[in-house]
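Chain and residue survey
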Amino acid sequence: MRYWLFKTEPDSFSIDDLAHRPDGTEGWDGVRNYQARNFMRDQMSVDDLAFIYHSSCKVPGIAGLAKVSQTGLVDPTQFEPESKYYDPKATLEQPRWHMVALTFVEKFNQVLPLSMIKQQPNITKLGLVQKGSRLSIMPVAPNEFEQLLELARKP
DNA sequence: GCCAACGTTGGC
DNA sequence: GCCAACGTTGGC
């Protein structure tokens, strides 16, 4: 069992949007970064837990929790010429972009702000706190995950 | 809106 | 295979 963090811009897709999807489930399409793709394709398992992180918004931070509900999916938007995620080099035989589906688990009472995450002396490995890290999907170490979850659930 | 940092592209 | 130029990310 591994732990992850998925960034999303709440203006386009927020933790509330995930919660309101049928079955609280959404294919995480549109990722066009190889490192992030490789995490999804090669390292995720069903029931892995994932923080949903809101970026590029008023209070960037961890907004909720989801779990990986399906793995090994092909991102359909790569084949759609009208999509902004269209990839002309992808073919049905040889897709380039893979994804997983996430299912809503929990929305925190308030967002755990990035500013607070950065103040935690024990959170050092998380990509978010490392300078220049722009990964949209990143692993979270088990002990850091546990610590962040506890912080986020504080009333 | 700024801008630092990063990933990708493409000419050579 | 190098690397400059470009586009994007994302906090502030």
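Scope of this entry: the structure provided in the associated data block.

Cut-offs and rules
Residues numbered from 1 in each chain as written. Chains lettered and ligands numbered in written order. Predicted model: local features only at pLDDT ≥ 70, side-chain atom pairs only at ≥ 80, totals over all residues. Heavy atoms only, no water. Near = heavy atom within 4 Å. Polar contact = N/O pair within 3.5 Å; in protein donor to acceptor, adjacent residues only side chain to side chain. Nonpolar A, V, L, I, M, F, W, Y, C, P; charged D, E, K, R; others polar. Helix = DSSP H or I, 4+ residues; strand = E, 2+ residues; numbered from the N terminus. Expected span 1.5 Å × (residues − 1). Buried < 20%, exposed > 50% of the residue type's maximum accessible area, 1.4 Å probe, protein only. Arc of directions from axis to C-beta. Contact = heavy atoms within 4.5 Å. Core = buried A, V, L, I, M, F, W, Y, C linked by side-chain atoms within 4.5 Å. Pairing = 2+ DSSP bridges. Axes fitted to C-alpha atoms, helices over the stretch in contact; angles between N-to-C directions. 1 Å grid on protein atoms, 1.4 Å probe; cavity = no way out; pocket = protein on both sides within 12 Å on 5 of 7 lines; lining within 4 Å. Points joined across faces, edges and corners; volume = space filled by probe spheres on them.

**Observations regarding the protein's contact with DNA strand B**
As a structural note, the neighbourhood of DNA strand B is formed by Asn33, Tyr34, Lys131, Gly132 and Arg134. Lysine 131 has a polar side-chain atom sitting 3.5 Å from a phosphate oxygen of DNA strand B. The contact in question runs from a base oxygen of DNA strand B to an N or O atom on the side chain of arginine 134, over 2.7 Å. For the surface near DNA strand B, the residue count by class is 1 nonpolar, 2 polar and 2 charged.

**Topic: helix α4 (residues 142-153)**
Taking 1.5 Å as the rise per residue, α4 with 12 residues should run 16 Å; its terminal C-alpha atoms sit 16 Å apart, in good agreement. Among all positions of α4, only Glu144, Phe145, Leu148, Leu149, Leu151 and Ala152 are buried. Here the buried residues of α4 occupy an arc of 165 degrees about the axis, which is enough to place them on one side. Facing away from the buried surface of α4 by more than 90 degrees, the exposed residues are Glu146 and Glu150. Buried residues belonging to α4 abut β1 (3-8), β3 (49-54), β4 (61-74), β5 (98-113) and α3 (114-119).

**Focus: the nonpolar core**
In terms of nonpolar packing, the biggest core is built from 42 residues, with Phe6, Trp28, Met40, Met44, Phe51, Ile62 and Ile137 touching the most fellow members. The contact partners of tryptophan 28, leaving out residues within four places of it in the chain, are Phe6, Lys7, Thr8, Phe13, Met40, Ile52, Met99, Val100, Leu102 and Ile137.

**Some remarks on the sheet that holds strand β2 (residues 25-27)**
As summarised here, the arrangement of the 6 strands in space is β2-β5-β4-β3-β1-β6, forming an open sheet in which the pairing is mixed. Each edge of the sheet is formed by a strand with only one pairing partner; in this case those strands are β2 and β6 (137-139). Within this sheet the neighbouring strands show an average axis-to-axis angle of 35 degrees, counted without direction. As paired strands, β3 and β4 are joined by 6 bridges and run antiparallel to one another. Within the sheet, the bridge partner assigned to isoleucine 52 lies in β4 and is glycine 64. Against the sheet, α4 engages β1, β3, β4 and β5, with an angle of about 45 degrees to β5.

**A look at the protein's contact with DNA strand C**
In the vicinity of DNA strand C, the residues found are Lys7, Tyr53, Ser55, Ser56, Pro60, Leu114, Lys118, Arg134 and Leu135. Considering DNA strand C, the proportion of its atoms within 4 Å of the protein that are sugar or phosphate atoms stands at 74%. Between DNA strand C and serine 56 there is a distance of 3.1 Å, counted from a phosphate oxygen to a backbone nitrogen or oxygen. Here a phosphate oxygen of DNA strand C and a side-chain polar atom of lysine 118 are 3.1 Å apart.

**What about the layout of surface pockets?**
If you add up the space inside the largest pocket, you get close to 530 Å³. Forming the walls of the largest pocket are 19 residues, and the residues nearest its centre are Lys7, Thr8, Glu9, Asp29 and Tyr85. Contributing elements (two or more residues each) for the lining of the largest pocket: β1 and β2. Of the residues assigned to the lining of the largest pocket, the class counts are 4 nonpolar, 7 polar and 8 charged.

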